[in-house]
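Summary of structural features
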Protein chains: 2
Amino acid sequence: MTIQPLHQLNVDLGDRSYPIFIGHHILDNHQLISDYIQGSSAVIVSNTTVAPLYLDKVSQALELANIRYDSVILPDGETFKTLASVELIIDTLLKKRHDRKTTLIALGGGVVGDITGFAAAIYQRGVNFIQIPTTLLSQVDSSVGGKTGVNHPSGKNMIGAFYQPQCVIADTHTLETLPDRELSAGLAEVIKYGLIHDEKFFDWLETNIEKLMQKDYQLLSHAILVSCQTKAEIVAIDEKESGIRAILNLGHTFGHAIESAMGYGNWLHGEAVATGMVMALDLSERHHWIGPEVKQRTIQLLKNAHLPVKSPPQISPEQYMDYMSIDKKVDRGVIKFVLLKSLGKAIITADYDSALLTQTLSES
Amino acid sequence: MTIQPLHQLNVDLGDRSYPIFIGHHILDNHQLISDYIQGSSAVIVSNTTVAPLYLDKVSQALELANIRYDSVILPDGETFKTLASVELIIDTLLKKRHDRKTTLIALGGGVVGDITGFAAAIYQRGVNFIQIPTTLLSQVDSSVGGKTGVNHPSGKNMIGAFYQPQCVIADTHTLETLPDRELSAGLAEVIKYGLIHDEKFFDWLETNIEKLMQKDYQLLSHAILVSCQTKAEIVAIDEKESGIRAILNLGHTFGHAIESAMGYGNWLHGEAVATGMVMALDLSERHHWIGPEVKQRTIQLLKNAHLPVKSPPQISPEQYMDYMSIDKKVDRGVIKFVLLKSLGKAIITADYDSALLTQTLSES
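Residues numbered from 1 in each chain as written. Chains lettered and ligands numbered in written order. Predicted model: local features only at pLDDT ≥ 70, side-chain atom pairs only at ≥ 80, totals over all residues.

**Examining the overall build of chain A**
For chain A, the helix and strand inventory stands at 13 helices and 13 strands. A compact globule built from 364 residues should have a C-alpha radius of gyration of about 21 Å, and chain A, at 20 Å, falls within 12% of that. Across the 364 residues of chain A, 56% fall into the buried class. Residue pairs in contact within chain A that sit at least 24 positions apart in sequence constitute 74% of those at least 6 positions apart. (Helix = DSSP H or I, 4+ residues; strand = E, 2+ residues; numbered from the N terminus. Rg over C-alpha atoms; globule rule 2.2 N^0.38 Å. Buried ≥ 20, exposed ≤ 12 C-beta atoms within 10 Å, placed from the backbone. Contact = placed C-beta atoms within 7 Å.)

**What to know about the interface of chain B and chain A**
Buried accessible area, meaning the area lost when the parts come together, often serves as the stated size of an interface. In this assembly, 31 residues from chain B lie in contact with 30 residues from chain A. For the side of chain B that touches chain A, the elements supplying multiple residues, two or more each, are α3 (83–95), α4 (110–122), β7 (147–152), β8 (155–162) and β10 (330–331) of chain B. The leading source of residues in the side of chain B that touches chain A is β8(B), at 6 residues. Considering only residue class, the side of chain B that touches chain A consists of 12 nonpolar, 9 polar and 10 charged. (Nonpolar A, V, L, I, M, F, W, Y, C, P; charged D, E, K, R; others polar.)

**Overview of the pairing of strand β9 (residues 167–171) of chain B**
Residue and element names in this part refer to chain B. Where burial is concerned, most of β9 is hidden: 5 out of the 5 residues are buried. Pairing of strand β2 (residues 18–23) with β9, which is carried by 4 bridges, proceeds in the parallel orientation. Bridge pairing links Ile22 to Ala170 in β9. As paired strands, strand β6 (residues 128–133) and β9 are joined by 2 bridges and run parallel to one another. (Pairing = 2+ DSSP bridges.)

**Examining the nonpolar core**
Core analysis: the biggest nonpolar cluster contains 243 residues, and Val45(A), Ile105(A), Val45(B) and Ile105(B) have the highest contact counts within it. Among all residues touching Ile105(A), those that are not within four sequence positions of it are Ala42(A), Ile44(A), Val45(A), Val58(A), Phe129(A), Ile130(A) and Ile132(A). (Core = buried A, V, L, I, M, F, W, Y, C linked by C-beta atoms within 7 Å.)

**Quick look at the domain arrangement of chain A**
All names here are of chain A. Domain boundaries in chain A define domain 1 (7–177) and domain 2 (180–363). On a C-alpha basis, the centres of domain 1 and domain 2 stand 26 Å from each other. With 31 residues of domain 1 at the contact, the number on the domain 2 side is 30 residues. Of all elements in the fold, only β1 (7–11), β2 (18–23), α5 (136–142) and β8 (155–162) reach the threshold of two or more residues within the side of domain 1 that touches domain 2. With 5 residues, α5 is the largest single contributor of residues to the side of domain 1 that touches domain 2. (Domains from an automatic or database assignment.)

**Some details on the environment of Gln300(B)**
Here Gln300(B) shows up in helix α11 (residues 292–304). Through-space distance from the C-alpha of Gln300(B) to that of Pro165(B) is 36 Å; in sequence the pair is 135 residues apart.

**Here we look at the relation of the copies chain B and chain A**
When chain B is fitted onto chain A, the two copies agree to an RMSD of 0.0 Å after a turn of 180° and an axial shift of 0.0 Å. As the rotation angle and translation indicate, the two copies are arranged about a two-fold axis. Comparing contact sets, 97% of the residues at the interface of chain B also lie at the interface in chain A, consistent with an isologous, same-surface contact. (Least-squares fit on C-alpha atoms with pLDDT ≥ 70 in both.)

What follows is the structure, encoded as structure tokens:
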């Protein structure tokens, strides 16, 4: 029996549109992969944690479809999200004579997806790629929207491109092997969609957070669907992040500073975003844009998802300012923040009181 | 007195359209540069040969317009067209706190343009850039069409992106300091436009080749204009090289093999293309698509432009095949060639007689 996806969603970007398939055990549906490979060769990129678990499934799909393939297995972790990893992929592509009709397949979390997508964007000026995100974070976030890239010692995601995949295959079965800490990190981004865009979804999350933490796959599928829908909707309006798309970065300006200050990989991205969101809500509250109950409910929900809500005490306000001033959302020296005007409504603004920002930085 | 461009040409690519300005001493027209800078900062990328000659002119334009700038001076030569040079630019951008509103300015030949354009394409997922090509080759070729990128030890231009500049400023005055050998290399690409698209232009080149070699700036401006027009027309139809654009690569499949086999930088790109075009014409002639006079006239014109027309004897047919099989125009293992159906009409085809190819490789 072929397992059909529970949900299919189309990301509408003109001639760069692509589908997202969401379902349980859908990696066993071999055609889902092979139907989206146009040439006769492919390269699977994965990491040392994910490859032992799921590489065989993907390889089998390629073998059954008579697609020649190679694989590149990277070490696991954000510290390897570097140009050096991209070069390693490109070395393999050239050594194994993959031409511009080849397809890269990203099998892993957001790091693998970002590296692989960027390698696809720049190999021979662009080859096809497929995303198979295996973490909740990458299923709800990094696999939608075409942001690819790597880190630089001076800042996260400083090197990259906007580049869209041929399709995304999100198999909730892969979440069964996901460590709890990473499930929580993914839920931070899920909660973000409620905060920025969808009050009802926030309510739904408050109701279902326990079952989500227990990996109920039908509830997880629903959470992934709503998150991807919200993101797809926003990205379709603003693919290159010249305007509204920036609201997807709620908590990220603070969060990136935390990640940088603590050293890449010590805080998970979702953990830093969770605390960053609390800080963004704190700053919104100090402007009297939201009442204290929004931040309180959010803190409770994040705690129920086992996420950190306090800024690490060793990061001083000055250090925050220093890290945030090289954030991509800086415009002519002024740091822009994504803040809430109400629960379910975010804005990006440079029009905030810097004295209140200092309070947020020292008191969060 | 402000010096106005002799010619202005628009490259029509929808919201990525941009103008090309061609004229003598137009780098002294400061507004041409500053009008195309949207933010308040810029980084000039040049090389050790060009910077001493023209960096001051560009710096002055930025100073007069109150634009903060830094510069990166790379060593000169194709051997430095590497990811390491791109990283050097990105290190400077980050160190000097250039945000995503900055503009990169490529001041130099094709190598500087390709590296800088690629750095612009991937820095913070894309910042603006301006091309100031200072060689004939880059004025007629690499500054039009948005191909950016760097070499890999295993092949030319294997890493890159399609990325369009805000404008191109081609000052024929910069050709006065261009070594004769590089002027010739540029003329190889100019002659290519006659061969693939414009028999009358080929005739015009035969008539005017001596004055062009003497750097008559009005004739050079005309040659640049026609070349850019032809290229812009073809690129507008096929920006990402899925079809007709490939005819711009006449002579390049053979030429890239020569460049690789001889070691980057020993043969200039234009020199390798000149010989490669003779080989492509030879193969076309062996298929009886063109008569012997086309190749003979081309050889004579190339010789008048002081360009090589014979394949280096040390490259064996097997070596050619080896290098050509990793060319980007390989499709499922079959090497495609750009060949002539008549003077002024090129096609890209995999439908050739491989026995005739072997003859071309061993007898050219």
